[in-house]
Structures are given as structure tokens and as C-alpha cells.
Amino acid sequence: MSTRPHEPAPGTPAPGKLALTELAELKARRQPIAMVTAYDAPSGRLADAAGADIILVGDSAAMTVLGHDSTVPATMDEMIVLTRAVNRGARRPLVVADMPFGSFQVSDEEAMHNAIRFLKEAGADAVKLEGAGPMLSRVQALVGGGIPVMGHLGLTPQSVTLLGGYKPQGRTAAQATRFYDAALALEQAGCFSLVLEAVPPPVAARISQALRIPTIGIGAGAGCDGQVLVWHDLLGLTSGPVPRFVKQYANLGSTILGALKSYVADVRSGAFPEPQHTYTMSAEELELFEAELAAGASRRQRRE
Ligand code: KIV
């Protein structure tokens, strides 16, 4: 069976794609890794054009795109559609699909089945899953099956109820030690990278120093090997307050609102559309068209 060059087989890196192994080299060279979430083809294309190394199709989509109050309701089918769209827009960045709640907790087999769907149906390069402990065997199973896995520790939003809300984690010595041990265990299990969310910078820095694989921080300080922010947070598209770890690089929400208000006003006033927004027709064709209508009208009159 031949594979067309612009359509690599699932699991085969596309031409120009950043090699997964390059991430550890970036860490070794102390070159910070830039990761951002994206949820559709235009955002995938823009993240690629901006030079992002990794695009995470986060289950944050449940909140940012689908309007839920938490990430828990995200489904496999929704995440597949979003990941496939991002993949159509992005070329160089690694596209990591976030395994939604319920898609990997039950068993290694189910995790394997769902991760395979991300690779085969959505063209993802890797998957991310939250937690350690019982999830270590999931990581081993997926990596053993040839699927790269990114871990996620600290504030793990799928367990937000258990954690007592969206709160920083690892602020006691006992909790910080648990995360440190869990990070080492995730590396041992085969993760190629690890997200550290909302943990104190000294804890994240010690974990980053201890690991060979790169850590990607979100609210975890500059001691991580890379950073990730959520698309809507960094671009100012989120309604309501954003976490303190967000740096907002634009206020697109108000830009979009202003543009939409102008459009609505122009439609109502008749200022849009103008001739340059329409298509021309030759005077002869228009004359023939009018003659055709007139002939049709008189035929109808004769029949009545
Ligand atoms: O779902 C998501 O966007 C994430 C990032 C916050 C790391 O998991």
C-alpha cells in the first residue's frame, strides 16, 4: 500500500514535523519549549506560524469552546473532531491530544483503545493524561504500544472536586514530595514530557532538575523547561477573571466585539454591503434576464 506524501500514515511524523526526541535536546540546551492550546484549524495554523513547538488540544476545550463549567464533560468524539481540525492547520508543532475524563481511568485497554483513536482518526502525535498512581500502568501500556504520552501533575482539572477547587497544589512539604516522586515515576513509566500546573516554582524547579524529560509549566514558574498557556486566556477571549498565572498578550475579545457591533450597525443602516462586496453582471446579460422575466410574466397572464 502506498501512502501519499502529504498524508502520512497515523503515527508517522509528517514532513517538517518537530521530532519528539528534539524536546529532550531542547531541555539539554536549556532552550525553553513553547506550548499553547488550540482547538481548531485556524488556531493550529496560527500557533504553527508563531513558532510554537507543541500544540495541546486541551480538554480545556470543554470550558473555552463548548461552554461547560469544567473539563469533565469533554467526550472522546468531541476531542477527536477538535484534534483533527488542529492537525489540519498545524505542520511543524507536535499535536498532543488531551485524553478526556473517563477515556483512560477505567482500564489500560480502554486507555489504549481511545489513544489509538486519537492517532488514527485525528492524526495526533501524542496524548496527554492526568495523574500518576494507577495511571502509571496506563502510561506503560500506551508507551509500550508505541504511543507517546505526556503526563500532567499538580492542579489536574479533571479531579477538581477532589482537590477542593481550582487551587494551587504542592504547597506543603508532604504534597510537594508526593509530586516529586510521582514525576520520577511518570518518567520511569515512559512519559516524554510532563505538565506541572499551579505548583510553587521551587517545587517545579526541583522536579525539572531531577527529570531528564522536559517539564512544561502552567503557573509553575520559570524553572520549568517550557511553558503552556490556554489560547483563550492568553489572547483575552475568556469572559470573567483568569488565573493569576495567565499573561494576557492581547484583548481579542473586545476587538471581536467591536468588529461585530460595527457589522450589526452597518447591516441595520444599509452601509453594508457596498458595490465592492458584490459581483458584476454585463448589461447585455442583465437586459436578457429582464426580458426573460417579462416574457414569463406575460405567458402566465395569458394562461390565467
Ligand atoms: O486542558 C488543558 O488545556 C490543559 C492545560 C492547561 C495544560 O491541560
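Before any of the text, the structure's been laid out above.
About the thresholds
Residues numbered from 1 in each chain as written. Predicted model: local features only at pLDDT ≥ 70, side-chain atom pairs only at ≥ 80, totals over all residues. Heavy atoms only, no water. Helix = DSSP H or I, 4+ residues; strand = E, 2+ residues; numbered from the N terminus. Expected span 1.5 Å × (residues − 1). Buried < 20%, exposed > 50% of the residue type's maximum accessible area, 1.4 Å probe, protein only. Contact = heavy atoms within 4.5 Å. Pairing = 2+ DSSP bridges. Axes fitted to C-alpha atoms, helices over the stretch in contact; angles between N-to-C directions. Patch = residues over 30% accessible without salt bridge, like charges linked within 9 Å, V, L, I, M, F, W, Y side chains within 5 Å. Areas by Shrake-Rupley, 256 points an atom, 1.4 Å probe, with all protein chains shown as cover. Salt bridge = Lys/Arg side-chain N within 4 Å of Asp/Glu carboxyl O.

Student: Can you explain helix H4 (residues 76–89)? Please cite residues and give values.
Tutor: Under the 1.5 Å per step criterion, the end-to-end length of H4 is 20 Å for 14 residues, consistent within 8% with the ideal 20 Å. Listed as buried for H4 are Met 76, Met 79, Ile 80, Leu 82, Thr 83, Ala 85, Val 86, Asn 87 and Gly 89.

Student: Would you mind going over helix H8 (residues 201–210) in detail, with residue names and values included?
Tutor: Val 203, Ala 204, Ala 205, Ile 207 and Ser 208 are the residues of H8 that are buried. Against the buried residues of H8 lie helix H1 (22–28), helix H7 (173–189), strand S6 (193–197) and strand S7 (215–218).

Student: Please give an account of the sheet that holds strand S2 (residues 54–57) that cites residues and values.
Tutor: The strand order around the closed barrel formed by eight strands is S1-S2-S3-S4-S5-S6-S7-S8, and the pairing between neighbours is parallel. Adjacent strand axes in the sheet meet at a mean angle of 25 degrees, parallel and antiparallel pairs treated alike. Taken together, the two bridges between strand S4 (residues 126–128) and strand S5 (residues 149–154) define a ladder with parallel strand orientation. Its bridge partner lying in S5, Lys 128 is registered against Met 150.

Student: Report on a nonpolar patch on the surface, specifying residues and quantitative values.
Tutor: Taken together, the side chains of Tyr 263, Val 264, Val 267 and Phe 272 present a nonpolar region at the surface, about 330 Å² in accessible area. With respect to the element layout, Phe 272 can be found in the loop between helix H10 (252–269) and helix H11 (283–303). Judged by relative accessible area, which is 34%, Phe 272 ranks as partly exposed.

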